[in-house]
Each structure stands twice: as structure tokens, then as C-alpha cells.
Amino acid sequence: MSCGEPHETECSEVLDHLYEFLDHEMPDSDCTKFETHFGECNPCLEKYGLEKAVKKLVKRCCGSDDVPTDLRSKVMGRIELIRSGQAVPDHDVTADNPAPG
């Protein structure tokens, strides 16, 4: 997604790191860049608003459920594989024993 306008911070960078922004898992300087971008780019602002609403809904509906630490580690590991462009295993990351194949 891109609005087609030039920005100091590219739309692709903002969208690739949107959840880090939403979860307050990035340096303040990057947060400032993202906030500036949202002020300039309506498509990214809309995507941010949608993802923020989904996150709020999930928290309200599932916020009391504790996520096992090992599950979080497995999911985060898979996300990092995807971000780095490496091959992603076909097996279910939540399973204790990987599926053959």
C-alpha cells in the first residue's frame, strides 16, 4: 500500500513495522517518524486505525488469557523468519512435535 506521495519514511517501512509501533516496541525516534508519516499519509493512517481497533477488540475479548511463553517464542521466531525472507517451516509452530514432511 502506498499513497503515491513521497515521504521521508516510506509506506512499506511503516507497514512492515506497524505492530512494533502499536505495541510500543520501537525507539521514540522511530515512533516520531511514524507519527509524522501518519499525519501525511491517509492510507497508512487508515491501516493504523484499523489495526489499532482490531488489537483493542482482541484485547477486550481475549485479554484475560495468558499466552504460554514458549508459544510466544515460537510465534515470534516464525515472524522473524518471514521478515528475513527465509524459508518458513510447514509444520504448526504451536505443536509440541513438528509434523513430518
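Reading the values: rules and limits
- Throughout, residues of each chain are indexed from 1 in the direction in which the sequence is written.
- Restriction of local features to residues with pLDDT of at least 70 applies here, the model being predicted, together with a cutoff of 80 or more for giving and counting side-chain atom pairs; totals for whole chains, interfaces and linings are based on all residues.
- As a convention, hydrogens and water are excluded, and side-chain values are obtained from all of the structure's heavy atoms.
- Axis lines are fitted through C-alpha atoms, for helices just across the contact stretch, and the angle between N-to-C directions can take any value from 0 to 180 degrees.
- Only DSSP runs of H or I reaching four residues or more are called helices, and only runs of E reaching two or more are called strands; each is numbered from the N terminus.
- Roughly parallel means an angle under 35 degrees; roughly antiparallel means over 145; roughly perpendicular covers 65 to 115; every other angle is labelled oblique.
- For a crossing to be left-handed, the near helix must be turned anticlockwise from the far one by less than a right angle; the clockwise case is right-handed.
- Only heavy atoms enter the contact rule, under which two residues are in contact if any of them lie within 4.5 Å.
- Each residue receives one of three labels: charged for Asp, Glu, Lys and Arg, nonpolar for Ala, Val, Leu, Ile, Met, Phe, Trp, Tyr, Cys and Pro, and polar for the others, Gly being one of them.
- Exposure is judged per residue with a 1.4 Å probe applied to protein chains only, and the accessible area is read against the type maximum: over 50% gives exposed, under 20% gives buried, and values in between give partly exposed.
- By the criterion applied in these results, polar contacts are pairs of N or O atoms within 3.5 Å in which, for protein atoms, one can donate a hydrogen and the other can accept it, and in which residues neighboring in sequence qualify only through two side-chain atoms.
- Confidence scores here are pLDDT values: one per residue, from the predictor, ranging 0 to 100.
- UniProt positions are given in the numbering used here, feature names are shortened, and annotations may be inferred rather than shown by experiment.
- How far a helix is expected to stretch is found by multiplying one less than its residue total by 1.5 Å.

Novice: Can you walk me through the packing of helix α3 (residues 28-40) against helix α4 (residues 42-62) in this structure?
Specialist: A pair of packed helices can be characterised by two numbers: the angle between their axes and the separation between those axes. The geometry of α3 relative to α4 is characterised by a closest axis approach of 6 Å and an angle of 115° between their N-to-C directions. Viewed along their axes, α3 and α4 adopt a mutual orientation that is roughly perpendicular. Here α3 runs over α4; the crossing is left-handed. Note on element contacts: α4 touches α3 through Asn42, Cys44, Leu45 and Tyr48, opposite His37, Phe38 and Glu40. Of the residues in the contact of α3 with α4, the class split is four nonpolar, two polar and one charged.

Novice: Mind showing me how you'd approach the side chain of Glu51 here?
Specialist: Structurally, Glu51 can be placed in helix α4. Glu51 sits in the buried class, given a relative accessible area of 10%. A distance of 2.9 Å separates polar atoms of two side chains, one belonging to Glu51 and the other to Lys47. Here Glu51 is in contact with Leu18, Tyr19 and Leu22, once residues within four sequence places are set aside.

Novice: Where do I start with the confidence of the model for the protein in this structure?
Specialist: For any part of a model where pLDDT is low, the fine detail of the predicted coordinates should not be relied upon. Residues with a pLDDT of 70 or more make up 81% of the protein, whose mean pLDDT is 82. For the stretch residues 97-101, pLDDT sits under 50, and the model shows two contacts to residues farther than four places along the chain or on other chains.

Novice: Can you walk me through the UniProt feature "domain: Putative zinc-finger" (unreviewed entry) in the protein in this structure?
Specialist: Residues annotated by UniProt as "domain: Putative zinc-finger" (unreviewed entry) correspond here to residues 11-44. Split by type, residues 11-44 is 79% helix and 0% strand. Its first and last C-alpha atoms lie 7 Å apart.

Novice: Can you walk me through helix α5 (residues 69-84) in this structure?
Specialist: The periodicity of an α-helix, 3.6 residues per turn, causes residues three or four positions apart to be oriented the same way. The terminal C-alpha atoms of α5 lie 23 Å apart, and with 16 residues this matches the ideal 22 Å at 1.5 Å per residue to within 8%. Residue Gly85 follows α5 closely and has a positive phi angle near 85°.

Novice: Would you mind going over unusual backbone geometry with me for this structure?
Specialist: With the exception of glycine, the majority of residues adopt a negative phi angle, and the majority of peptide bonds are in the trans configuration. Even without being glycine, His24 reaches a positive phi, approximately 55°. Relative to the helices and strands, His24 resides in the loop between α2 (18-22) and α3. What makes His24 exposed here is its relative accessible area of 69%.

Novice: Explain α4 to me, please; I cannot follow it from the model alone.
Specialist: With 21 residues, α4 ought to run about 30 Å at 1.5 Å a step, and its terminal C-alpha atoms sit 30 Å apart, in line with that. Here the buried face of α4 lies against α1 (11-16), α2 and α3.

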